[in-house]
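Working through the structure, step by step
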Amino acid sequence: MVALVAGATIRTKKGQSLMQGYEFYVDPSRCIGCQSCVKACEECETHRGTSLINFDFIDRGGTTASAAYVCWHCEEPTCAMACPTDAIKKGDDGIVQSSLKSRCIGCSNCVLACPFGIPKIFPEYEQMMKCDMCYDRTSIGKKPMCATVCPSQALCYVRPEVIAHRREKPTNVFQFGNQKIVTRVHMMVPAETDSVSLDVLDYIWEESYAVFAQPQ
Amino acid sequence: MAEPPVSLKSLLERFGPHPAYTPPGGWQDESHNLAERLVKTHCCFCGQQCGIQLKVRRNQVIGFEPWEEFPFNRGMLCPKGVKRYMQGGHPDRLLDPLMRTPQGFRVSSWDEALGFTARRLQETQAKYGKDSVAIYGGASLISEKAYLLGKFARVALGTRHIDYNGRLCMVSAGVAYKLAFGVDRSPFPWSDIPKAQVVLVAGANVAECAPITTDYLWRCRDDGGKLIIVDPRMTPICRNADMYLPVRPGTDLALYMGLLHVILRDGLERRDFISAHTIGFEQVAESARAWDPRTVAEKTGVPPESIERAACLFAKAERAIVLHARGVEHQSKGVENCLALINLCLATGNIGREGAGCAMITGQGNGQGGREHGQKCDQLPGQRSIDDSEARAHTAKVWGICPEDIPQAGYSAVEIMEAIHRGEIKALLSACFNPLVSLPDAKFTQEALKKLEFFGVVDFFMSETAHHADVVLAGSLQEEEEGIGCTAEGRVIHIQKAVDPPGNAKGDSWIYCELAKRLGKGQFFPYTSTREIYDELREASRGGHADYYGITYEKIDKNMGVFWPCPSLDHPGTPRLFEDGRSFHPDGKHHFVVTEWRDSGDPVSSEFPIYLTTGRVVSQYLSGTQTRRIGGLLEQCPNPRLEIHPRLAEQYKIDDGDWVTVTTRRNQITLQAMVVKTIRPDTVFIPYHWPAGRSANRLTHRTLDPRSKIPEYKVSACQLRGADGPPEWSLWSPEQPSEPKKGKA
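Reading the values: rules and limits
Residues numbered from 1 in each chain as written. Chains lettered and ligands numbered in written order. Predicted model: local features only at pLDDT ≥ 70, side-chain atom pairs only at ≥ 80, totals over all residues. Helix = DSSP H or I, 4+ residues; strand = E, 2+ residues; numbered from the N terminus. Rg over C-alpha atoms; globule rule 2.2 N^0.38 Å. Buried ≥ 20, exposed ≤ 12 C-beta atoms within 10 Å, placed from the backbone. Contact = placed C-beta atoms within 7 Å. pLDDT = per-residue confidence, 0-100. Nonpolar A, V, L, I, M, F, W, Y, C, P; charged D, E, K, R; others polar. Arc of directions from axis to C-beta. Pairing = 2+ DSSP bridges. Axes fitted to C-alpha atoms, helices over the stretch in contact; angles between N-to-C directions. Domains from an automatic or database assignment.

This paragraph deals with the overall build of chain B. For chain B, the count of helices and strands is 24 helices and 28 strands. Over its C-alpha atoms chain B spans a radius of gyration of 25 Å, differing by no more than 12% from the 27 Å that the globule rule assigns to 745 residues. With respect to the principal axes defined by its C-alpha atoms, chain B has extents near 70 × 65 × 55 Å. The burial tally for chain B puts 63% of its 745 residues in the buried class. Pairs at least 24 residues apart make up 74% of the contacts formed inside chain B by residues separated by at least 6 positions.

A few words now on the confidence of the model for chain B. Residues and elements named next belong to chain B. Scored by pLDDT, chain B has a mean of 95; 98% of the residues are at 70 or more. Contacts from residues 737–745, a stretch scored under 50 in pLDDT, to residues over four places away or in other chains number 17 contacts. With a pTM of 0.94, the predicted complex shows an ipTM of 0.94.

The next thing to look at is the environment of B:Cys637. All names here are of chain B. With respect to the helices and strands, the residue Cys637 is situated in the loop between helix H22 (631–634) and strand E24 (641–644). Spatially, the C-alpha atom of Cys637 lies 24 Å from that of Pro66, the residues being 571 residues apart in sequence. Cys637 has contacts with Val617, Ser619 and Gln620, leaving out every residue within four places of it along the chain.

What follows is about the interface of chain B and chain A. Of the residues lining the interface, 45 residues belong to chain B; the matching set on chain A comes to 37 residues. Elements with a contribution of two residues or more to the side of chain B that touches chain A: strand E1 (37–42), strand E3 (60–66), helix H2 (79–83) and helix H7 (213–222) of chain B. Looking at which element gives the most residues to the side of chain B that touches chain A, the answer is H7(B), with 5 residues. Partitioning the side of chain B that touches chain A into residue classes produces 21 nonpolar, 11 polar and 13 charged.

All names here are of chain A. Inspection of the secondary structure puts Ile181 in strand E8 (residues 179–189). Under the C-beta neighbour-count criterion, Ile181 is labelled partly exposed, with 18 such atoms within 10 Å. Sequence-wise, Ile181 and Ala147 are 34 residues apart; in three dimensions their C-alpha atoms are separated by 23 Å. If we ignore the near neighbours within four places in the chain, the residues touching Ile181 are Cys74, Pro115, Phe174 and Phe176.

In this section: helix H11 (residues 293–300) of chain B. Residue and element names in this part refer to chain B. When H11 is considered as a whole, its buried residues turn out to be Pro293, Val296 and Thr300. End-on, the buried residues of H11 take up no more than an arc of 60°, which puts them together on one face. Where the residues of H11 are buried, they touch helix H8 (252–265) and helix H12 (304–316).

Moving on, we get to the pairing of strand E26 (residues 668–675) of chain B. Residues and elements named next belong to chain B. Burial analysis of E26 places 7 of its 8 residues in the buried class, which makes it a mostly covered element. Direction of pairing for strand E25 (residues 659–663) relative to E26: antiparallel, over a ladder of 5 bridges. Note on E26: the bridge partner recorded for Trp659 is Gln672. If you look at the hairpin formed by E25 and E26, you'll find 4 residues sitting between the two strands.

Residue and element names in this part refer to chain B. Note that the residue after Gly16, namely Pro17, is joined by a cis bond; omega there is 15°. Along the chain, the position of Pro17 falls in the loop between helix H1 (8–15) and E1. The omega torsion across Trp564 and Pro565 is 0°, close enough to zero to call that bond cis. Unusually for a residue other than glycine, Ala692 sits at a positive phi of about 50°.

All names here are of chain B. Strand order in the open sheet formed by 5 strands is E10-E9-E8-E12-E13, with parallel pairing between adjacent strands. Of all strands in the sheet, those bounded by a partner on one side alone are strand E10 (243–245) and strand E13 (357–360). Strand-to-strand twist in this sheet, taken as the mean axis angle between neighbours without regard to direction, amounts to 15°. As paired strands, strand E8 (residues 198–202) and strand E9 (residues 226–230) are joined by 5 bridges and run parallel to one another. The residue bridging Val199 from the neighbouring strand is Leu227, located in E9. Relative to E10, H12 is tilted by about 125°, and along the sheet it contacts E8, E9, E10 and strand E12 (320–324).

Once that is clear, we can look at the domain arrangement of chain B. On domain assignment, one finds that chain B holds domain 1 (8–86), domain 2 (98–169 + 366–474 + 507–525), domain 3 (173–360) and domain 4 (610–732). Here the C-alpha centroids of domain 2 of chain B and domain 3 of chain B sit 37 Å apart.

Have a look at this one:
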C-alpha cells in the first residue's frame, strides 16, 4: 500500500486557503538574484514545469540588483476589471486566481492592464496563469514554496510581528499615476516611506503635475 | 596510455553532459503526487549542507519538500538545493562498470572491472614501488567514504600519496586555524552572526556560494549590525553593505595589515585579552608598523579613509565577526591572509564568546567533514597529524596494523599531478574528483593524465577527467549511502540513505572494500554497512581534536546535529569553541602569527596587464559534473562569461556580448563579454565550472601556497583582445540549451 504524503495532493476549499495570521512580504533590497524562487515555483504541484515568479535583473550592466515578485493580489484587481469574459476571480481570502480555463479566451487584456506586469498567457495551456500564493500549500498549513526556500528571505511569509523586526517597513499602497492600488502582498520599503511613485511626473516641479506627494 | 579511447564528440554523445530539464517521467507525470516517503537529509551542493526532505517513490528520488524544522536553513534552499533531486534518475547516470577498449568504453561485470583494477594497481606497485600509485578523494563524499579512502590508501595499498579536492578549497584556512588556535574548524555556530555588531566579509561571495548565509547577514543588519565587504567585485550582498572595500586581487594581506596598523596606532586593541589569552602579539604589532593607510591604499586600491573607517568600525564594536572564503584563501599567500584576519580578531578580543570571532565559510558539500578523517595527505582520522607518533600508534591500533606500516605524509593534490607529469607516479585511482576542470593549468593536467600507465575512476557520472580512464567504477550519489557530514559550522549531520544506487551501480564503500579484498587486505575491511565504518571512525577520532566518539546517528537525529568535539556519549557537543579562553594548543593560548608579504606567482606586466580572477556562479557546483547536467540550473548560466568593467571594455573596443579571447602565460580561451560596472576596471572575472575551451582553469597557474598547497586561482595576469568570431566550443557544446544570446546576462 502506498501512503500519501501530506502536501502531495491538492485539496483546497475556497476561502480557507491562507494560513491564519501570516502575510506575504516582498523585499527587493534583500534579493540576491539566485532564482531559487523561480526554480521552486516550477516544482509546484498545480502547475508543474511552469514557473509563475516574475524575476528580473534590473540592469545587470549597472548593478547586481534583482527583483523577484509574486502576484500582489490587489484589493481591486485591474486584471479582473479588464477581463471581457469575467474569467479572473478573487477569493474571499483576497487571493486573485489564474483565469478560469472555461472562460478565458486568451485575449491578453489582463496582461496589458496589470500595472505590475504579473499575468502571463501560456499558449500551451490556452489560458492566463499567475501566482495564486500556493493554494495547494497554504490550505494545508504550509507556507508558499517560494517564500519557504528564498535564501535571503526577500520573499517571506511570516506573521506581522516578525516582519516588524526588520529595518525596512511594509506597505501595501501603490500609486500608478492617478490609480491607487491596495494589495494583499506587502512591499518592504525604507522606514520613512509609505509608498513610492514610479512615475517621473510625480517628481517634476510643476504644480499641475504634482498629484502625488514627494516621498521624504 | 590514458588517452580518451575515442573522439571527444562521441564520448559526449554517449555520456553527456545532457541537460535534463524534466524529472523522471516528465512534468505531467501524476505519480510525483504519490511520494511513498519523505527522507530528511541534506543538500550535497555546498559546505552549508542545508536540511532538505527528498520525496521518494519506487527507489527513485522524485522531488523535494523544504525541511523547515532543521535549524540551520529553516526550509531555505538555493536553486541548487531545489534541483538537486534531478540527479538520481538522470539519463547520464552510470549504471555499470566500464572498461576502456580501442573502440570506446564497454560495459563489464563488477568482477572483471574490480579484478582488473586491483591487478593493475598491484602490477604498478610491484614494478615501480608502493608510492608509484596515488589516490584522489573528494570532499563532497560522506565522511565514512572519506575515512575509508584514507584507510584504503594506507592499509590496502600502502602508498603515502592520497589527497583530495578539498586541497582546492579549505586548506589555507585549515592551516591558519591550526597555527593560531590548534584546531581546524570555524569556532562558532552561524546563529552567532546576527548577534555581531560588525561583520567583515573578506573575499566571500556569500550570495552565490553560500546563499543561505545571506539571511544571517540580513538579520544582523536588522538589529543594527554593520557590514563591511571586501571583494574586487560588487557581489550581490554589497548592495546592502555599510562599507565596500574594492581590493585589488592578491593584495588582501596588505589591507588587513593596514586595518591592524590603524587599530594599534589608535590604541584600540584589547590589551587585557591579549595579555591573558594570547602569545606573539609584539612581533605581529611590529610587523604591522610598516602598513600605514597610505602605503596600503597604494597596494590595494582601497582609499586610505576607507581603511581608517573600517578599522575603527571593526575595533570599536563590542562584538565583531570576520567571515572569509576562497577570495582570500585561493592565493599563494592564502594562509597569511587568513592569519591576518585572525590577528585582527585576536587584537580586538573577538574570539570565544557569543557574536564574536573569525570563521571560514567552507565551500564543498562536506568540505569540513571530508577533511577531518584521513584523506588529506598529512592527516590521520580525528584531525591528527601523520607525523605525530602518538597519533600513528592510536590509528594503527584501531586499524589493527603496526604504526611503522602507516606511510608518512605524501604529496598534495597538485603535487600528485606534477609527480604524474614527471613520471614518478604511474597509476591513479580517483574518486569524485574532476581534476581536468578543477586543477589549475588544465593543459598540464591533460598532459599528465596521458602519461598514466593505469587510471581508475569511481564516479556516478562520466566526468571530463574520466574520459581518460582505463576503468570507470559506477559509484553512488550522496543520497545512496547512509553516513554523516560536517557543515561549515562544525555541526555533524546525518545523511540518510534515500534510495539504492540504480542499475548495477554500487555504493562507493562496497567498491573500496571489494578492491581491498582483491588486494589481499580484505581482513582490514570487513564492513557490511557504513554504520560499521562510522563506528570505527568514532574510535579512530577518539581523543583527537575532531573527536566524534560521542556522536551517533541517533544522537544527531535527536539534536538536529551535534557539534564536535564530542568526546563521550553523554557530552552535548561544542557549538562554540574557546569559551573557556583556551585554544587547542598545549599552552592553551591563541597564537598571533607573523605574516609575510609575497607577490603573486603570476604577476601583471606590460604584456599581461590585467588581473584575472575566478570563482563560482550560484547555479553551478564545483567542476559542474553534477550541475551541468541539470537543465533548470544550466539555463540560469549556460556558459561562462567574462565580467569586465565598461571602462576596460571601451579601451579594448569590447561590447556586451562580444567574443573576447583571454590569454595568460599558459593558454587562451574565448568567451562572451558581460560588461558590468560591478568589477574593478583593472580586473576580469570568469566562473570556472566548465571544461575544455570554456575552462577558466586553462588560464590559471600552479603556484601554490607553500604551507597549504592551495593553488592561486584568484590571481592571474592576462591580456584581452576581441575575437574574430565565436569559438569552436560554442558551435557544439552539449550543455548549451540554446544559442548564446547577445546582450542581457
